[in-house]
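Structure at a glance
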Amino acid sequence: MNIIETTDLSHKQGSKYLLQDINWQVREQEHWVIFGSNGCGKTTLLSTVCGYRAFSQGSIKLFGEKLTKENAVALRSQVGFVSASYLDRCFHNESGFDIVLSAKFGGFGRRSDITDEDVIRARKLLQAFGIAAKGDYPYCMLSQGQKQRVLLARSLIVAPKLLILDEPLNGLDIYARDYFLNTLQQIVAETNVTVIYVTHHAEEIMPFFTKAMLLQNGKVFAQGDINEVFSEETLSRYFKHETKAGWQGDRFYIGIGEELRMDSSIWKGECL
Amino acid sequence: MFIGAMANKTYGSYDHEELIKRAKHCVCKRCGGPLTNSLIIYDIYGGVGEELYCPHCQKQEFGVEKEIYDMAEYYVENFQFNYFYDMEENDVNFELNVAKVADMMSWILKNLNLLDDNGLKDNKPDYEYYLRRRRKNK
């Protein structure tokens, strides 16, 4: 079964396409990395696929079911979604604890009463991510790293069928990054979850990722097997610079082969 | 984030009626103010959802019964309860403490079968009810 299926998915804002003709199929237990420059549409694509954003053309199927306004809430409750760039707009004065629980209801607030099991699970997740002491603080009073930990805990409150992680390690310290990546590896090994992972940092790409998509200006630049998409040739075309890429042990690396820097006349003020 | 009045239609919410009902008998657990059933537009690209909302605290809020809020406020104010000891003592600290006590009181009342989704009941406290729930949950 396809976990995600988009057909000619486009979204136009004014005269600009934020997404254009995205045809994408994600099968069960296929783990994808989405890669792309700032502003290329990664967050837009993933929040649209989760039913958090409208789209102007095409269709989305989630878990084999066509995504509509009517079923978005129910379908979303099976998705673990971490995206600080999207969710930071949705949460402000809510407590970390309430934010974690909100995922159970497929929205951003609590919609019905909760059980003791929900509370215990939410508290344990907050504790596991080292944020138990701040669990009742309003989101806006937390640091970037603490917010990220709340969102990671939120994504695991229900055992998700689909885990969408949009730059999940932003703002986390080295310990927390390794802790989460190893936890993710274990989740993948022991459950049937499908993971979609957005990152700018190649070293976060773990060996269990088998598929990749490169996005550029809201369009798919390349998609398919990770070794083909992340080949030096494809990445060089994407970045328009010679690019080095490959595995170093169990971590991937991508680097621009030539030295890039700002024209010094700009910061020296000589261009004025 | 933009908060709009809720039109008489659902936006992917399967419990629209429940939210309306709850907004009528519950208040915000932080400020005690009324809740609204709001259409929340999360971003300009069309993210939209229906949530219970406190316009004063500007937060999505499930709420507590008004009676519980009043008692929690009295308790925090007069008994110097402070769960957030590492936070500066100000209005936010006070409100968060009231919310914490209100949560605890709600849990106790629910487990004594004195509170459910429709509000406070006029039962007698039922400790056996709590023990049955615990046994069931084990």
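In the block above lies the structure referred to throughout.
Anyway, here's the lowdown on the structure attached to this text.

Rules of the game
- Residues numbered from 1 in each chain as written.
- Chains lettered and ligands numbered in written order.
- Predicted model: local features only at pLDDT ≥ 70, side-chain atom pairs only at ≥ 80, totals over all residues.
- Heavy atoms only, no water.
- Contact = heavy atoms within 4.5 Å.
- Buried area = accessible area lost by both parts, 1.4 Å probe.
- Salt bridge = Lys/Arg side-chain N within 4 Å of Asp/Glu carboxyl O.
- Polar contact = N/O pair within 3.5 Å; in protein donor to acceptor, adjacent residues only side chain to side chain.
- Helix = DSSP H or I, 4+ residues; strand = E, 2+ residues; numbered from the N terminus.
- Nonpolar A, V, L, I, M, F, W, Y, C, P; charged D, E, K, R; others polar.
- Patch = residues over 30% accessible without salt bridge, like charges linked within 9 Å, V, L, I, M, F, W, Y side chains within 5 Å.
- Areas by Shrake-Rupley, 256 points an atom, 1.4 Å probe, with all protein chains shown as cover.
- Axes fitted to C-alpha atoms, helices over the stretch in contact; angles between N-to-C directions.
- Parallel < 35°, antiparallel > 145°, perpendicular 65-115°, else oblique.

Focus: the interface of chain B and chain A
Opposite the 35 residues of chain B that make contact, chain A presents 34 residues. Roughly 3100 Å² of surface becomes buried between chain B and chain A when both sides are summed, with 46% attributable to carbon and sulfur atoms. Counting the contacts that link chain B with chain A gives two salt bridges. One salt bridge in this structure joins Lys29 of chain B and Asp98 of chain A, with 3.5 Å as the shortest N-O distance. Our count for the contact surface shared by chain B and chain A stands at nine residue pairs in polar contact (both at pLDDT 80 or more). Among the secondary structure elements, those contributing two or more residues to the side of chain B that touches chain A are strand S4 (48–54), strand S5 (59–60) and helix H3 (91–111) of chain B. Partitioned by chemical class, the residues of the side of chain B that touches chain A number 16 nonpolar, eight polar and 11 charged.

Let's talk about a nonpolar patch on the surface
Side chains of Met262, Ile266 and Trp267 of chain A sit close together on the surface and give an oily, nonpolar patch of about 380 Å² of accessible area. Positionally, Met262 of chain A belongs in the loop between strand S12 (251–256) and helix H10 (264–267).

Structural notes on the packing of H3 of chain B against helix H4 (residues 127–137) of chain B
All names here are of chain B. Interhelical geometry of H3 versus H4 gives an angle of 95 degrees and a closest axis separation of 8 Å. Taken together, the axis directions place H3 and H4 in an arrangement best described as roughly perpendicular. In contact with Trp107, Lys110 and Asn111 of H3, H4 contributes Tyr129, Tyr130 and Arg133. Class assignment of the residues belonging to the contact of H3 with H4 gives a composition of three nonpolar, one polar and two charged.

Looking at the environment of Asn118 of chain B
All names here are of chain B. Of note, Asn118 is situated in the loop between strand S7 (115–116) and strand S8 (119–120). Taking C-alpha positions, Asn118 is 9.7 Å from Cys26, a pair spaced 92 residues apart along the chain. Non-local contacts of Asn118, meaning those with residues more than four positions away in its chain, are made with Lys21 and His25.

Keep in mind these values describe shape, not function.
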